[in-house]
Each structure stands twice: as structure tokens, then as C-alpha cells.
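Architecture and fold: a report
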Amino acid sequence: MPKIEINGQTVEVAPGATLLDAACKAGIDIPTLCHDPRLHPAGECRLCNVEVAGDPHPHTACTSRAAEGMRVTTHTPELEAFRRTMLGWMAEKVPPETCAALPDKELHRLFRAYAVEPKGATSPIESRDLSHTYIQVDMAQCIDCFRCVRICDEVQGQFVWHAVGRGADTRVVPGDAANLAESDCVSCGACVDTCPTGALTDVAQAPLGGDERRTKSTCVYCGVGCELEIVARDGRIAEIHPARDAPVNKGHLCVKGRYAFAFNEAPDRVTAPLKRNGSGWTPMSLEQALDESASTLRRILDEHGPDSIGVIGSARATNEENYLLQKFARVVLGTNNIDCCARVCHTPTAAAMKAMLGTGASTNSFDDIERSNLFLIAGANPTENHPVVGARIKQRVLRGGAKLIVIDPRRTELAAMATIHLALRPGTNLPLLNALAHVIVTEDLTDRKFVADRVAEWDQFRHFIADWTPERAAEICGLAADDIRAAARLYASTSPAMCFHGLGVTEHTQGTEGVMALVNLALLTGNIGKPGSGINPLRGQNNVQGAAHMGCDPAILTGSVAIDERRALFESVWNATIPRQRGLDLMGMIDAAAAGRIKALWVVGYDIWPTLANNAETRRALERLEFILVEDLFITETAREFGHMILPAASVFEKDGTFMNAERRIQRVRKAVNAPGEAWSDWRIVSALAERMGRGEAFAFDSAEAIWNEIRAVWPEAGGITYPRLENGGLQWPCRDENSPGTEILHVSDFARSHTAPLTRIDYTPTPERVSAEFPFLLSTGRTLYQFNAGTMTMRTPNVKLRPTDTLDISPTDAEILGLVSGDRVRMRSRHGEVEISVRLTDGVKQGELFATFHDPRVALNRLTSPERDRIVHAPEYKVTAVRIERLA
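The following paragraphs examine the structure supplied in this document.

So, how was this worked out
Residues numbered from 1 in each chain as written. Predicted model: local features only at pLDDT ≥ 70, side-chain atom pairs only at ≥ 80, totals over all residues. Heavy atoms only, no water. Salt bridge = Lys/Arg side-chain N within 4 Å of Asp/Glu carboxyl O. Helix = DSSP H or I, 4+ residues; strand = E, 2+ residues; numbered from the N terminus. Buried < 20%, exposed > 50% of the residue type's maximum accessible area, 1.4 Å probe, protein only. Contact = heavy atoms within 4.5 Å. Core = buried A, V, L, I, M, F, W, Y, C linked by side-chain atoms within 4.5 Å. Pairing = 2+ DSSP bridges. Axes fitted to C-alpha atoms, helices over the stretch in contact; angles between N-to-C directions. Parallel < 35°, antiparallel > 145°, perpendicular 65-115°, else oblique. Nonpolar A, V, L, I, M, F, W, Y, C, P; charged D, E, K, R; others polar. Arc of directions from axis to C-beta.

1. Some thoughts on the pattern of salt bridges
Pairing between side chains of opposite charge can happen when their charged atoms approach one another. Considering all chains together, one arrives at 70 salt bridges under this definition. For Arg214, the salt bridge identified is with Asp104, shortest N-O distance 3.4 Å. Here Arg214 is found in strand S10 (residues 212–218), whereas its partner Asp104 is found in the loop between helix H3 (96–101) and helix H4 (106–113), with 110 residues between them in sequence. According to the relative accessible area criterion, Arg214 is partly exposed, its value standing at 38%. On the basis of relative accessibility, which here comes to 47%, the residue Asp104 falls in the partly exposed class. Two residues, Glu229 and Arg214, come together in a salt bridge whose shortest N-O distance is 2.8 Å. Of this pair, Glu229 sits in strand S11 (residues 227–233) while Arg214 sits in strand S10, and the two are 15 residues apart along the sequence.

Okay, here's the thing in C-alpha cells:
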């Protein structure tokens, strides 16, 4: 490693390090304005000029590589005078009031450091671009560092900002758009985050000034698990920035993580318990509400038995809170009727991967994106639903040359970039995946060494898959057989290849089996247990992985182990008996409620009525319940229609704990502000109810950390994950002891239960939900970038300006046949219900197919979806519903 001398100090640096890197290592602060460690060095601003002995010309420290024996000086009088002069020129553009309002901007800090006074005039309002919901643009203050252009290109990959003109006439503009709001901007805020001046700033969501507190925490939206820096002023969330040192998001965020936090201050936030009073609500004290809730649960227990009550955990709750919920169900109520929202999304993934590989979670890490040479994206739309991971995949394709295969009925952003896009008919994943396996096997494209050493049931699978020719699958899937062959050859011949899949695979009647078929492909090609490969579910919610893994599932305990596998350990730690009666999953509880067997539900942080499929049947079930206890931030749609008691919960910004992201990483959640009124952390509410029901000794915790330490006692695979060790970016399980760095890649030399994993033989069973003359269109449902799930949080933020309501995507050809234009209102009917919605014309869907989002409770899209479920784990089939549409007058 080269050694250099910098300001008389000897520094050893890594090969390829810059002089700026060396200075940072030596603790020497060289001023920069065009530099951002997230970006490739540019050397535009020249403020980082340094002197190198033997060279009469200054070197830009950010672009000059350190070489053995260099002698560098960073702050000579000449260099400092040059910097002061450069800053003086820049000061002509900056109004003094901007410096005062934005003291942390890098340019403004340098003004203070070099005693340079800003002298610019305030730009007239009409010269600024105030069109965007979250970002203000005043290019009169631009210093041509081009960091906004570069970060949009190099990190987000959106290419919104462009430098046009030459020399003194250079200016930065949002492409060909009239303003930023009309551009292709996705509102990630990266340009604002990197801008060193007042040219790009956030629209304030809270008053400036006041006592400021900064807290590092984890995002509450998708399962990527981005780390945040939360800025609170006078007890309110004022700003959110990406944590620059975060291993997951690496200093980047999406629009939801960065800007969609106003729900925390929403005027309809529930701050005191509410009891149903006819058609209205009566406020009461938390003590009264807890007493009455415990009394009601006790009465139902006594009258109908423990299995008459169900408990529903939450992806919004921490690991510690979900752990206590399932412990409450089993220890206090005496039932295994415990589940969570994983049931309706990735329980098929967990079941499939556990059955085949022994572990029902991602095999690899997000850092493998930059190591992969091919991505197979199946039934997922990462750039909208997991935007930071989507941006990393996009960058690897654009700049790293990785190949891309997308399996999706729609032409998503990544599908448009794909080497091969297999736009199959909705509901035909299994025939396609079997045909891909057929090509790999029959054309001898397998990894022979891996198959021989690590794969079981090869001969049986080889005979089975012979019948699944590309021609057979092509007819079912609506694809060309040659495209299937080309995709199989590309996947098998490009190593390493990394698979990401989403709900487009799991939310089908054969969702679990679809994931198994994906695992088959990875096993056949040896894309398991090595960097840049694997089978990696993109979990849809921030802690849905954690909620299920903590035991919010009727068949498993914490650590995703079968109840009988670790019954003795849990009973010893809990000093209680775990019930032996098989529990009901969420859909089973709904069925049992409709049949009158379930009498009460406790629903935490999950709006089940608008989000479960087949809304009418859900209504019939919930209407029969004697008691629905809702624990949430707001009066959810479930509470509004059916609830009997609402307990106010603390938000993600108001409590401590941990989340588990999609790559098995446990990360800290930290309290940034106080909860309003009588809102409590979920774990405190669970403990208080347990105490009132006579089991307080088993829930006598004084902190989230104390709960985590009990989790470690019952989950040996996380025994080495402690709160102190989580201070820097989290840890990935398995992590059995405190000397372990965690596990980035699973199944390197063995699978969880054996050395080999079996190939699975699965035939195709079409869904009963099919088109007909009466219902000629196939509808799929899903999420959009700007909203999240039932809209409980995002619909209470300025994101509603970016995406006001749900829309129905339809092909221009179908729209023309029906006489529709974008914005027209239609009535959409299925065999199960009807909704009214506005249409949006797009080339992203094929003729005969439709796509709609489900975030707006006013639309209530799940009135349409069917009662069909995955035949193994009962996840609803959201992705295939036969409908017809009629234009509204």
C-alpha cells in the first residue's frame, strides 16, 4: 500500500486512493464543493487544489491518485488565498438571508470558515421554480458544481438534471420539461441532499429554527430497510436525510423515506383511547381502556375458550413488539391463533424456501447487486416498490454491464431496460419457470459440479421436466418459445446470476410453488451460496420479515422454527406451556369469524378490511365479531367500520426497537420525538394487558433492549446480535455469538438441514379465476411509488399531490375500443364486486390486461378481488381477477 507524506504526516492508503482520501485518513480537512463520496470525482470546483512536491502545478485532491513517496501540502498561503478568491466569486450569487436560513449547506459553512460575506440579491419569486411538491429550485444560486446532475445520473439513474450551454452561459435545467414538476423526477431528493448551495432546497414541512435533535433510525416503508437521519425541531419531525454511512441505502432514499413523514403530525392522529358508542366514539383514559379490553378478552376466553380469539401482528411494529404479541397469544390467551400481514404477501416465499433450502429468507445481500452479472426479476417492480434497491439494480445494468431478464406482464421501468422481457399472461408463472428449467436441463446448461454435489432428486426432476417444452409453455403464457429459450440460455450461461422476486410470484393460487420453481433454476445453475447470486424476495413492508420471523405465524415460533422443534426451549424461558392445538392463520381467522367460531380479534398496526382480498366476505366475517380491538395511529377503515376499542399507538419515530429487512439485517429503530397524548409503544400496551390478565411476570420488561435480550435467549441464531453491536449498520443473521460478523450469504457449503437441496417437481394448475365473455379483462393489482399499502400513512402526507388516488391502467388499443381517454371514470365489475376508478392510458399493459393500485380507501379496490388463495399457505390471489369495465356518464 502506498505511503505518502501530507503536511509532514506519513499516511498509508489503499491502492487507488485519492489525495483527498489520504487527507481524510490523516484528519486533514480540505475544502471541497463539487465532491460527494457517493459520486465519481469530478475536479470541477478546484477548492481542493493541493501542492505536490516536484510539480509546479496544483493538483485537485479529489481526482489525483496517491503514489508512493508523494509529498503533499494542503493549506499554503497561496492555496488559501486562491480558495478565498473562488469563494468570493461564489458569494456574489448568494443572498445573506439564504446563508442564515441554511447554515449547514457546504458553501455557507465555507463562507464562515474563510470570512467571506455573501453579497447576492434575493431572486424574485417568478424566477424560481416552485412547481414541485417537495423541492424548491433557485438556479440563480447555482455554482456549476453539477453534483445534482451527477447524483441523478450515477445514484438514482433518472437523468433529470442536464447542464446546457457553455462557459459562463452554462445552466442546469430539468431536461426538456418546463419545470421540475413536469419532468421525470421521482422526488427522491438526492439532488437536494447533495447540493452545496441554496439552489436546490427542501420545501419546509416544519418551522425552521428551534431546538434541533438528530436521530439515526430505520425507514418505516418498504422492506429495503434504509437508514435515516431524522431531524426534529421543538419536538416535531422537520426533515429526514439518508444516513451517509448506511450499508443498505448508502446515502440514498426514495420519496417516501425522505419526505412522507407528515402523517406523524396528522390532525386525525388518535392520541387517546376511543370506545365505540353507537355510530360514534367516546374518549376514555388509557387505564380505563386497558382495563375494559382485558376484561372483555377474559370474558370471551371464559365463555368460548382460547381459540375463540385471534391476534394479528404488524409490519409496522418492531421485532420486540411482534415477539411480545405472539408470546401474549400463546402464554396469556393460550392459543396459536397469531398471524401477521406476511400471510398475504411473502408467506409463500418463506414456506417454499424453507421447504427446499431449510431457511425461508433471502440467500444473499443487497451488496451482491454490485457483484452480479445478471438479474432475473420475477413478478417485482423494484424501481417503484423498492426504489433504492431498484436504483442499484438499474445502475449495475447501466454502468456495470449486467444483463437483465424481467418476468412481468407489464412493461415496467426495468422491463423497458431488459435484455429480455418475458411479458407472460398473469397467472402463468409456473409453466414459464418449468420451461426455463426444461431448456437448462435438456441443453445441458446446468452447473454439473454443483448439481452433482449439492442437488438431490436430479433424475426424478430430469424426467419430469422433459414434458415442459418451451412450446407447451409458450401457448399457456402467451410468449414466443424462442424468447423462453433465449432467457434460459442467458440465465444459465451468465454467472453469477441473482434472482429477485416479488408479489407477482407469490400472490397466486400456486404462489408457494412458483417460488419453488425459481429455486429450481438457481439450484440447476449453481446460483446459490456464492456472491452475486441467490434467490432473494423483495419484502414489501419495513418489518414484515421480522413480524413473521418473531413468531407471528400460527405454526412457527421465534426464529421461524416449527413449534415442536423448540417447544422445550421456549417453555423453559417463558415458564409457560405452549398450546398444542393448531392455530389459525389470518385467512383461517376470517373464515372462522364468518362461521362464528372466532369471537374477538386484536389487530395491531394493520388495516385488514380494505387490504384483504374479497372485501365483501371480509365484511361479513368482521361484522360477526363480538370484540375488535384496534391498536393504531389512526381510526383505520377496519376500526371505523367494525372496531369496538381503539388504543393509540406510538409511531416509528416515537419508540425504540429493531426492524429486520429483506436481506436478514437487524437494524435499530430509535425514538426521535415523544408520542402524543396517551399513545404508547406497542410493547408497553401488550405488557399492560398481560398484567391485567394475570401474566404480568412474563412481560415485566423495562425497555425494548430487555425484550431483545429474551429474543436472543430463544433464538440461538441471533445470540450474537446485541444492541451495542447494532450501533453501526446492523447485523445479518445467523449470528450466533458476539464474535460473529453475521452472515451475508447463506448456503455457502451446506443448506440449513443437509448438504443437498431437492429439486421440486410441480405441475401447473390454472387458477379458477378466468376471463369470459362477461368479464373479458384480466386485472392485476399492486403498489405505486408515491403511495403505500392502504394509504394509512402516505395519504396523510403531501404525497397525495404527487399521486392523489388510485388509477386503472389500460392499453391505448382497449381504451380506443371502449371510447376512453385518460382521466375518464369507469365502473369496474368482477364476479365479486365493483368499484369506480379513473383510467390511465399506458403502453405498459397489454391488450386485454389491466393494472390498478389499491392505496385509496375511497376506491376500495379489494371489493373486486377473488376468494382464491394459495393452496399451501392461503395467501390471497391478488394478481388475477377477471373484470369488465363500463364508462360512467
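2. Comments concerning the environment of Val406
One can find Val406 in strand S18 (residues 403–407). A sequence separation of 12 residues divides Val406 from Ala418, and the C-alpha atoms of the two residues are 6.3 Å apart. Not counting residues up to four positions away in its chain, the partners in contact with Val406 are Ile377, Leu414, Ala415, Ala418, Ile420, His421 and Leu422.

3. Looking at the nonpolar core
Within the largest apolar cluster, 97 residues are counted, with the highest numbers of intra-cluster contacts made by Phe328, Trp602, Tyr606, Leu612, Leu622 and Ile721. It is helix H9 (residues 319–333) that contributes the most residues to this core, 8 residues altogether. The next biggest cluster of nonpolar side chains, apart from the first, holds 57 residues, and it includes Leu376, Ile405, Ala474 and Ala492.

4. Overview of the sheet that holds strand S37 (residues 881–887)
Sheet architecture is closed into a barrel: 6 strands sit in the order S32-S36-S33-S35-S34-S37, paired in mixed fashion. Strand-to-strand twist across the sheet, computed as the mean angle between neighbouring axes with direction ignored, equals 45°. Strand direction decides the pairing type here: strand S33 (residues 807–810) and strand S35 (residues 834–841), joined by 4 bridges, are parallel. From the neighbouring strand, Thr807 faces S35, where its bridge partner is Ser838.

5. Quick word on the packing of helix H5 (residues 147–156) against helix H12 (residues 387–400)
It is at 7 Å that the axes of H5 and H12 come closest, and there the two elements cross at 95°. When the interaxial angle is binned, H5 and H12 end up roughly perpendicular. Counted together, Asp153, Glu154, Val155 and Gln156 of H5 and Ala391, Lys394, Gln395 and Arg399 of H12 form the full contact between these two elements. Residue classes in the contact of H5 with H12 are distributed as 2 nonpolar, 2 polar and 4 charged.

6. So, helix H22 (residues 567–574)
Those residues of H22 lying buried are Arg567, Phe570 and Trp574. Buried residues of H22, seen end-on, are gathered within an arc of 75° and therefore sit on one face of the element. Exposed residues lying more than 90 degrees from the buried face of H22 are Ala568 and Ser572. Phi turns positive one or two residues past the end of H22, at Asn575, with a value near 55°.

Keep in mind these numbers describe shape, not what the thing actually does.
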